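# Results of the structural survey
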Amino acid sequence: MVPALLVALYLPMRSAVGTSLLVLVVASGVGLLGRLGQDLSPDWGLTFAFAGTSILGALIGSRVSRNARPEVLTACFAALLAAVAIFTAVSAVPALLSS
C-alpha cells in the first residue's frame with residue numbers, strides 16, 4: 001500500500017506510512033470484530049509477543065524517522081522491498097521449477 005500511496009497519490013513518506021498503518025489497524029479491528037462469538041482459541045502468548053514487538057518497533061521507528069531525511073527513508077524502504085522480493089523469488093523459483 002505504501003508504494004501506491006507514494007507513486008499514485010504523491011504522498012510524503014511519513015504520511016504514506018501513517019495512512020497505511022491506520023488502514024491496517026482499521027482492517028484488523030473489523031476482522032477481529034467479525035470473529036467475535038466464534039469458537040476460536042488464539043495463541044495469546046504469540047499474539048502479545050507480536051503486539052509488543054510491534055509497539056517497540058513503532059517507538060524506535062518514530063524516533064529514527066524524526067531525524068532522518070525523507071529521501072533516506074524512501075531509499076531504505078525500497079531496499080527492504082527489494083530484499084523481500086529477492087527472498088521470495090529465491091524461495092519460490094525452485095518449487096516452480098520442480099513441478
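Shown above is the structure to which this text applies.
Residues numbered from 1 in each chain as written. Predicted model: local features only at pLDDT ≥ 70, side-chain atom pairs only at ≥ 80, totals over all residues. Heavy atoms only, no water.

## Here's the deal with the layout of surface pockets
Condition: In this analysis the probe radius is 1.4 Å and the grid spacing 1 Å, with only protein atoms considered; a cavity is a set of points the probe fits into but cannot get out of, a pocket is an open set with protein on both sides within 12 Å along at least five of seven lines, and lining residues have an atom within 4 Å of a point. Grid points are joined across faces, edges and corners, and a volume is the space filled by probe spheres set on the points. Helix numbers and strand numbers start at the N terminus; a helix is a DSSP run of H or I with at least 4 residues, a strand a run of E with at least 2. Ten residue types, Ala, Val, Leu, Ile, Met, Phe, Trp, Tyr, Cys and Pro, are classed as nonpolar, four, Asp, Glu, Lys and Arg, as charged, and the remainder, Gly among them, as polar.
Counted as a void, the largest pocket has a volume near 570 Å³. Together, 17 residues line the largest pocket, and Val17, Leu21, Ala58, Gly61 and Ser62 are the ones closest to its centre. Looking at the lining of the largest pocket, the elements with two or more residues in it are helix 2 (13-35), helix 3 (44-67) and helix 4 (70-98). Residue contributions to the lining of the largest pocket peak at eight residues, all from helix 3. Across the lining of the largest pocket, the residue classes break down as 10 nonpolar, six polar and one charged. Its boundaries defined by the atoms lining it, the second largest pocket holds a volume of some 320 Å³. Taken together, Ser28, Gly29, Leu32, Arg35, Leu36, Gln38, Leu40, Pro42, Trp44 and Thr47 form the lining of the second largest pocket. Breaking the lining of the second largest pocket down by element, the ones donating at least two residues are helix 2 and helix 3. In terms of residue count, helix 2 provides more of the lining of the second largest pocket than any other element does, four residues in total. Of the residues contributing to the lining of the second largest pocket, the split by class is five nonpolar, four polar and one charged.

## A look at unusual backbone geometry
When glycine is set aside, most residues are seen to have a negative phi, and most peptide bonds are trans. Notably, Tyr10 is not glycine yet its phi reads approximately 55°, a positive angle. Considering the arrangement of structural elements, one finds Tyr10 in the loop between helix 1 (2-7) and helix 2.

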